[in-house]
Amino acid sequence: MRLFPWPILARMKIAARLHAWANTKATRRGVAVRDFTWCVSPSTVSATKGLLTFPFPIRGESRKFALRTQSSDIEVFLQIIRDEEYGEAVRHMPLLDHAPRIVDAGANIGLTSLYLKTLFPDAVILALEPEPGNFEALKRTISINDLRSVVAIPKGLWTADVHLQPNRNFRDGEAWSFSLMAGSGSNSGDIPAVSLRTLLETHGWETIDLLKIDIEGGEAPLLRDPETVRLIANCVSLLCMEVHPEVMPVDEARRTLEDAGMTTFLGPETLVAWPRT
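Scope of this entry: the structure provided in the associated data block. In this text, all values refer to a predicted model and were calculated from it rather than measured experimentally. (Residues numbered from 1 in each chain as written. Predicted model: local features only at pLDDT ≥ 70, side-chain atom pairs only at ≥ 80, totals over all residues. Heavy atoms only, no water.)

### Things to note about the overall build of the protein
Counting its secondary structure elements, the protein contains nine helices and 14 strands. Across the 277 residues of the protein, 51% fall into the buried class. By sequence separation, contacts in the protein at least 24 residues apart represent 67% of the contacts at least 6 residues apart. When the accessible surface of the protein is split by element, carbon and sulfur atoms take 54% of a total near 12,900 Å². (Helix = DSSP H or I, 4+ residues; strand = E, 2+ residues; numbered from the N terminus. Buried < 20%, exposed > 50% of the residue type's maximum accessible area, 1.4 Å probe, protein only. Contact = heavy atoms within 4.5 Å. Areas by Shrake-Rupley, 256 points an atom, 1.4 Å probe, with all protein chains shown as cover.)

### Thoughts on unusual backbone geometry
In the Ramachandran plot, Arg59 falls in the positive-phi region, its phi being about 50° despite a non-glycine side chain. Mapped onto the secondary structure, Arg59 falls in the loop between β2 (51-58) and β3 (61-68). Positive phi values are uncommon outside glycine, yet Glu84 reaches one of about 50°. The topology assignment puts Glu84 in the loop between α3 (73-82) and β4 (101-105).

### Overview of the sheet that holds β2
Strand pairing in a sheet is mediated by backbone hydrogen bonds. Such pairs are either parallel or antiparallel. The antiparallel open sheet is built from three strands, whose spatial order is β1-β2-β3. Two strands bound the open sheet, and with one partner strand each, they are β1 (46-48) and β3. Each strand of the sheet is rotated relative to its neighbour by a mean of 30°, with strand direction disregarded. Bridging between β2 and β3 involves eight bridges; their strand directions are antiparallel. Each bridged residue has a counterpart across the sheet, and for Leu51 the counterpart in β3 is Arg68. Along the sheet, α3 makes contact with β2 and β3, crossing β3 at roughly 155°. Contacts between helix α4 (residues 111-119) and the sheet are confined to β2 and β3, with β3 contributing the most and set at about 175° to the helix. (Pairing = 2+ DSSP bridges. Axes fitted to C-alpha atoms, helices over the stretch in contact; angles between N-to-C directions.)

### Side note on the pattern of salt bridges
A full pass over the atoms with the stated rule returns 13 salt bridges. Close ionic contact of Arg82 with Asp83 constitutes a salt bridge, the shortest N to O distance being 2.8 Å. (Salt bridge = Lys/Arg side-chain N within 4 Å of Asp/Glu carboxyl O.)

### Observations regarding the pairing of strand β6 (residues 150-153)
Across four bridges, the pairing between strand β5 (residues 124-128) and β6 is parallel. Paired with Ile125 across the strands is Val150, a residue of β6. Following the backbone out of β5, through helix α5 (residues 132-144) and into the adjacent parallel β6, one traces a crossover that is right-handed. (Right-handed = clockwise from strand over helix to strand, strands pointing away.)

### So, α4
Within α4, eight of the nine residues are buried, leaving the element largely enclosed by the surrounding structure. Buried residues of α4: Leu111, Thr112, Ser113, Leu114, Tyr115, Leu116, Lys117 and Thr118, and no others.

### Considering the environment of Arg276
Residue placement: Arg276 occurs in the segment after β14 (271-275). Sequence separation between Arg276 and Glu258 is 18 residues, and the spatial gap between their C-alpha atoms is 8.5 Å. Of the polar contacts made by the side chain of Arg276, one reaches the backbone oxygen of Met262; its length is 3.1 Å. (Polar contact = N/O pair within 3.5 Å; in protein donor to acceptor, adjacent residues only side chain to side chain.)

What follows is the structure, given as structure tokens:
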């Protein structure tokens, strides 16, 4: 096993410090690399073919990771796995008498699906990821961890079954910020997207036990579509959604869900909602 490339780490850290005043992205990346080396033992990491591969535990269970070096994957790992972004949200998961049905919309490289599958081993997960590179990484995460009943779907989540335009300029333009947007016509893009209703009908689901949505601004058209909001309120037991304020104020998102009959809770990164009893 090859040791972690410390010279590369050092150069990244130095570059981040030198350009901190002018380059926010480099600063964030340098901090992420530092934090990564603090929580993952370098002796467990192999760097080959642009990937950092290593084992790391989730709630005491060892899992395998393959992160791309030239991407935002390290930041995603820190957010989802180290910081357990969805740890508080899943505390609201209802007790079930069946295998949990989970939709991971905006699955990125599959770390949220991996986290949830570890917490709920018998869960069936539909993992939607429209960005091609992320989708390949998602399939790799599923494969190296031998995740059963996790279905990778190369589509985005939208208000209708359409093709959309890719937007690589949202936020920092990194892989974790990939988003979709409607073109000039009703079906003018090259990235497929699916509606929540079609997703339910296609897989024969009447309800979703956990719907995670982190689709980089795509939550705005979803929550402004009355049909989608009705489906969420009537068919989803627990919603975990990241709201991006540059496209939709968090207060508007909460008000929309509460008006539809849901209770909301706002965590550090995620808006959580469940049907009001």
